[in-house]
Amino acid sequence: MTNQKYNSRRTMADKNNGEFQLQSTGSKPGLPRINSTERILSSGNKGPDCTAQRIFVSALDTINHILIALVTVYLVYHAAKEYSVTNVHVILCTIGYVLLMSEAIIVLASDNVLTSSLSRRANKHLHWILQAIGLILNLVGVGVMYNVKSVHFVSIHGITGLASLVIVCVMTVFGYPVWIAWKLRKYMRPVTTKFFHNFLGIAGFVIGMVSQCYGYEKSWVYRATKLRYADNTLLVLTVLITILSLRGALVSLYRQAIDCLKPVCSST
């Protein structure tokens, strides 16, 4: 009799445990179930898009680096055929703007194909080194032309070149606060400091490349290359270099502008 009661109680307990397990493992009402297969498929769908985006960005960067090298080598090659003050000006400013300043901006892009393996700090050091060397070459290039001319900065080429140098000089001198932006956070938000530095850098670079493009309209290009459409070809390539080089900088500038405006929008 005792064994029968024990067995009946055990059977009821097993039954209750089975019902409890079914309820606990079952899906809760109102909540959709997502099994592991669906999660794998959903996460796998993002892979091709990300890979395609990386390939596209890498292709753009590679094309940009090739264009920078082609324009620089082409102009330096023709300018180095004979010595003249104009040729020295062309060599120095082409290397300064088209090569060094373009690469200095591209370096800061996290997905740059040439420097993506470097640390963020190493890229920053490489950025200011390229920027400083480019600025020195541009100053010397403008200086040699200034010494041989009696009238200065009256053409669009000269005015934009001077404006670019002034902006880049200001940006370089006041670039140090960007390194210690966290120490100056009591006086200015770090994102604000970086925004102004980025804005001045983009403005100086764009105006400098505009000056480079107006330089192609000079008769020097045809005399040096003997090609009828060399100036127009160089113009198109330089515009492409400018746009492709600013890809990462413009995105950063937009994000920094949004972060700077957040306190203003929240207060209103």
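Note that the structure is predicted; figures quoted are calculated from it, not measured. (Residues numbered from 1 in each chain as written. Predicted model: local features only at pLDDT ≥ 70, side-chain atom pairs only at ≥ 80, totals over all residues. Heavy atoms only, no water.)

Draft legend 1. Looking closely at the overall build of the chain. In terms of helices and strands, the chain carries ten helices and zero strands. Residues counted as buried form 32% of the 268 residues belonging to the chain. Taking contacts inside the chain between residues at least 6 apart in sequence as the whole, the part at least 24 apart equals 77%. When the accessible surface of the chain is totalled, it reaches about 17500 Å², and 66% of it is carbon and sulfur. (Helix = DSSP H or I, 4+ residues; strand = E, 2+ residues; numbered from the N terminus. Buried < 20%, exposed > 50% of the residue type's maximum accessible area, 1.4 Å probe, protein only. Contact = heavy atoms within 4.5 Å. Areas by Shrake-Rupley, 256 points an atom, 1.4 Å probe, with all protein chains shown as cover.)

Draft legend 2. How the structure looks around the packing of aromatic side chains. Scanning the model with the defined rule gives three aromatic pairs in all. Taking 5.6 Å as the distance between ring centres and 70 degrees as the angle between the ring planes, the aromatic pair formed by F195 and F196 counts as edge-to-face. Ring plane angle 20 degrees and centroid distance 6.3 Å describe the contact between F195 and F199, whose orientation is recorded as stacked. Of this pair, F195 and F199 both sit in helix 7 (residues 190-215), four residues apart, roughly one helical turn. Counting every residue linked through ring pairs, the aromatic cluster contains F195, F196 and F199. (Phe/Tyr/Trp six-rings, centres within 6.5 Å; stacked < 30°, edge-to-face > 60°.)

Draft legend 3. Examining the nonpolar core more closely. V71, W220 and I241 are the most contacted members of the largest nonpolar core, which totals 34 residues. Elements that contribute at least two residues to this core include exactly helix 2 (36-79), helix 3 (85-107), helix 4 (120-148), helix 5 (156-173), helix 7, helix 8 (220-225), helix 9 (230-245) and helix 10 (247-267). Of all the elements, helix 3 adds the most residues to this core, at seven residues. Apart from residues lying up to four places away in sequence, W220 is in contact with L75, A79, T86, N87 and V90. (Core = buried A, V, L, I, M, F, W, Y, C linked by side-chain atoms within 4.5 Å.)

Draft legend 4. The arrangement of a nonpolar patch on the surface in detail. Where nonpolar side chains cluster on the molecular surface, the patch consists of Y146, F153, I159, L162, V166, V170, V173 and F174 and spans about 730 Å² of accessible area. Here the element with the most residues in the nonpolar patch is helix 5; it accounts for five residues. Here V173 lies in helix 5. (Patch = residues over 30% accessible without salt bridge, like charges linked within 9 Å, V, L, I, M, F, W, Y side chains within 5 Å. Salt bridge = Lys/Arg side-chain N within 4 Å of Asp/Glu carboxyl O.)

Draft legend 5. How the structure looks around the UniProt feature "transmembrane region" (unreviewed entry) in the chain. Sites flagged by UniProt as "transmembrane region" (unreviewed entry) map to residues 55-77, 89-114, 126-148, 154-174, 195-214 and 234-254. Structurally, residues 126-148 comprises 100% helix and 0% strand, and the distance from its first C-alpha atom to its last is 34 Å. In residues 234-254, the share of helix is 95% and the share of strand is 0%. The end C-alpha atoms are 29 Å apart. (UniProt positions renumbered as here; feature names shortened; annotations may be inferred.)

Draft legend 6. A look at the environment of R189. Residue position: R189 is located in the loop between helix 6 (176-179) and helix 7. C-alpha of R189 to C-alpha of D259: the two residues are 70 residues apart in sequence and 10.0 Å apart in space. Those residues within four positions of R189 in sequence are excluded, and the remaining contacts are D259, C260 and P263.

Draft legend 7. Looking closely at the layout of surface pockets. Volume-wise, the largest pocket comes out at about 1100 Å³. If you trace the largest pocket, you find 36 residues lining it, with L108, R120, H127, H197 and Q256 closest to the centre. For the lining of the largest pocket, the secondary structure elements donating two or more residues are helix 3, helix 4, helix 5, helix 6, helix 7 and helix 10. For the lining of the largest pocket, the element with the most residues is helix 7, which contributes nine residues. Here the lining of the largest pocket is composed, by residue class, of 17 nonpolar, twelve polar and seven charged. (1 Å grid on protein atoms, 1.4 Å probe; cavity = no way out; pocket = protein on both sides within 12 Å on 5 of 7 lines; lining within 4 Å. Points joined across faces, edges and corners; volume = space filled by probe spheres on them. Nonpolar A, V, L, I, M, F, W, Y, C, P; charged D, E, K, R; others polar.)

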